[in-house]
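Chains, contacts and geometry: an overview
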Amino acid sequence: MDIREQFTEFTRPGYFSRVDSTHILDLHIGLDEKGRKAIELRFNCDPVKVTGTSAIDVSQYKKKEYNTIRFSLKDDDMSGLFYKFCDDIIEQTADLKKEKDGYKAITNRFFQWKKMFVLSKNTFLTEPEIMGLIGEILFLRGYLADKYGISVALKSWSGQELTHKDFSYKDIWYEVKAISRGKNEVRISSLEQLDSETDGELVIFSMEKMSPAYNGVSLNKIIIETVKLFSSSEEKDAFLSKVALQGYEYNDYYDNFVFEISNMVRYKVTDGFPRLVANDVPVAIVKANYDISLSEIMPYIIREED
């Protein structure tokens, strides 16, 4: 039984049960006195101060037999994230050799998850924005991470910072777009996006929206998976800050948008590539967006061997 199913069995506030009789730690899940989903550790060592977030209450108290640290979810719209947090705590502490190391391991784990647990403002990204952010993350952790390493890939990502290119490293830049499968054009949203004195790449992901039950790519899923790829808490924070700059805050709402990725195609943006740039339009035109026909830029496709 997975953690989501286990929580459905709890109906009475204040009732907890042990997650696993064989787990080295005395971990329990259930509903706290306010009826909120919660996970707690019962331990026998000196506690430290741990503060919660706008979405997670952290409480610590002492009984005669043991101390307890409890993490309670304030907003049910973040239940999906909370289940993943619980799973992560259980899995990451299962191989501990000493029970006394459990409290420190769990508090450290919470510090890594903390940035995700922020109450949503209930203003959501649009479907094209969701697709675009998925495309950028796929490119970061896929092609760029393979080519330069995950740390360099992260540093090269501009997010919504003051630059017109999605990724730039040394003398190469990449502009990433996501389109629906079967579409034959891609929208360029400014004169600056493909404008550069150096060659770059236009990277296009084709994807198809599927049902929420499909085992595909969703925004919540890919962000949680990608956070785990970074080895340091500083890089995890930097990644989450970049996705937050694009308007993302965790919410189960995003689980309704599941995509199958058809392919990724890279195009060389060089002399002759069809594009509008500031120097080639009348000075009175200061802003423009336009569509490029994919069938017309096939000669610029970068093949695997390139």
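Structure first, text after, so check above.
Below is a summary of the structure that appears in this document.

Conventions adopted
Residues numbered from 1 in each chain as written. Predicted model: local features only at pLDDT ≥ 70, side-chain atom pairs only at ≥ 80, totals over all residues. Heavy atoms only, no water. Pairing = 2+ DSSP bridges. Helix = DSSP H or I, 4+ residues; strand = E, 2+ residues; numbered from the N terminus. Polar contact = N/O pair within 3.5 Å; in protein donor to acceptor, adjacent residues only side chain to side chain. Axes fitted to C-alpha atoms, helices over the stretch in contact; angles between N-to-C directions. Buried < 20%, exposed > 50% of the residue type's maximum accessible area, 1.4 Å probe, protein only.

1. Observations regarding the sheet that holds strand β6 (residues 167-169)
Pairing within the open sheet is mixed, and its 5 strands lie in the order β6-β7-β9-β11-β10. A strand with exactly one partner marks an edge of an open sheet, and here the two such strands are β6 and β10 (217-218). Across 11 bridges, strand β9 (residues 200-210) lies against strand β11 (residues 258-269) in antiparallel orientation. Bridging across to β11, Leu202 finds its partner in Tyr267.

2. Overview of the side chain of Gln193
Tracing the chain through its elements places Gln193 in the loop between β8 (185-188) and β9. Looking at Gln193, its side chain comes within polar contact range of the side chain of Glu175, at 3.2 Å. Here Lys177 takes part through its side chain, which lies 2.9 Å from a polar atom of the side chain of Gln193.

3. Describing the sheet that holds strand β5 (residues 67-73)
In spatial order, the strands read β1-β2-β3-β5-β4; together these 5 strands make up an open sheet with antiparallel pairing. Looking along the sheet, the strands with just one partner apiece sit at the ends: β1 (16-18) and β4 (56-62). Each strand of the sheet is rotated relative to its neighbour by a mean of 20°, with strand direction disregarded. Relative to β5, strand β3 (residues 37-43) runs antiparallel, the two sharing 6 bridges.

4. What about the pairing of strand β7 (residues 172-180)?
The side chains of a regular strand alternate, first on one face of the sheet and then on the other. Burial analysis of β7 places 7 of its 9 residues in the buried class, which makes it a mostly covered element. Count of turn residues in the β6/β7 antiparallel hairpin: 2 residues, of which Lys170 carries a positive phi of about 55°. Where β7 meets β9, 7 bridges bridge the pair, whose relative direction is parallel. The partner of Tyr174 across the bridge, within β9, is Glu201.

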